[in-house]
Amino acid sequence: QVQLVESGGGSVQAGGSLRLSCAASGRTFSTYTMGWFRQAPGKDRDFVAQINWSSGSTYYADSVKGRFTISRDNAKNTVYLQMNSLKPEDTAVYYCAAMAPGRRSYDYWGQGTQVTVSS
């Protein structure tokens with residue numbers, strides 16, 4: 001069974017930083033695309049960033065470009081989201097997701113971790 005477990009969420013003041021981690025288990029994710037999404041109260045879940053596990057290619061939502069960095073550690077089957085210059089509008093539950101090769105949608109999701117940014 002595939003499992004994605006996020007950690008690293010918390011509360012921080014505007015301008016601060018947090019690093020989220022997503023540990024993947026259950027199979028080899030060497031060819032999966034991994035992504036981060038977020039959902040604020042009363043809003044839809046939005047794409048934040050993704051990384052191709054094998055090539056390392058990255059993509060970001062415009063709202064986080066230049067502030068967030070997605071990376072991965074293949075040996076640890078872990079994906080990270082470094083979040084700098086946080087803003088109150090970044091407050092949301094952040095979810096890790098995995099997309100199998102050849103798929104066009106994310107197949108596996110973590111349980112989410114809360115990030116709260118105060119002004």
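You'll find the structure just up there.
Just so it is clear, the structure is predicted and the values come from calculations on it, not from any experiment.

S.K.: Any chance you could explain the environment of G15 here in plain terms?
M.R.: Along the chain, the position of G15 falls in the loop between strand 2 (10-13) and strand 3 (18-25). Taking the relative accessible area as the measure of exposure, G15 reaches 52% and is therefore exposed. Taking C-alpha positions, G15 is 6.4 Å from K87, a pair spaced 72 residues apart along the chain. Beyond its immediate sequence surroundings of up to four residues, G15 is in contact with S85 and L86.

S.K.: Would you mind showing me how to read the state of the cysteines here?
M.R.: Simply put, the disulfide is a covalent bond whose two ends are the sulfur atoms of two cysteines. With the rule as written, the count across this model stands at 1 disulfide. Between the sulfur atoms of C22 and its disulfide partner C96 the distance amounts to 2.0 Å. Residues C22 and C96 are joined by a disulfide whose S-S torsion is about -75°; by sign, that bridge is left-handed. You can see C22 sitting in strand 3 and its partner C96 sitting in strand 9 (residues 92-99), a full 74 residues away along the chain. C96 matches C22 in its accessibility class, with the two residues each being buried.

Rules used throughout
- Residues numbered from 1 in each chain as written.
- Predicted model: local features only at pLDDT ≥ 70, side-chain atom pairs only at ≥ 80, totals over all residues.
- Heavy atoms only, no water.
- Helix = DSSP H or I, 4+ residues; strand = E, 2+ residues; numbered from the N terminus.
- Buried < 20%, exposed > 50% of the residue type's maximum accessible area, 1.4 Å probe, protein only.
- Contact = heavy atoms within 4.5 Å.
- Disulfide = S-S within 2.5 Å.

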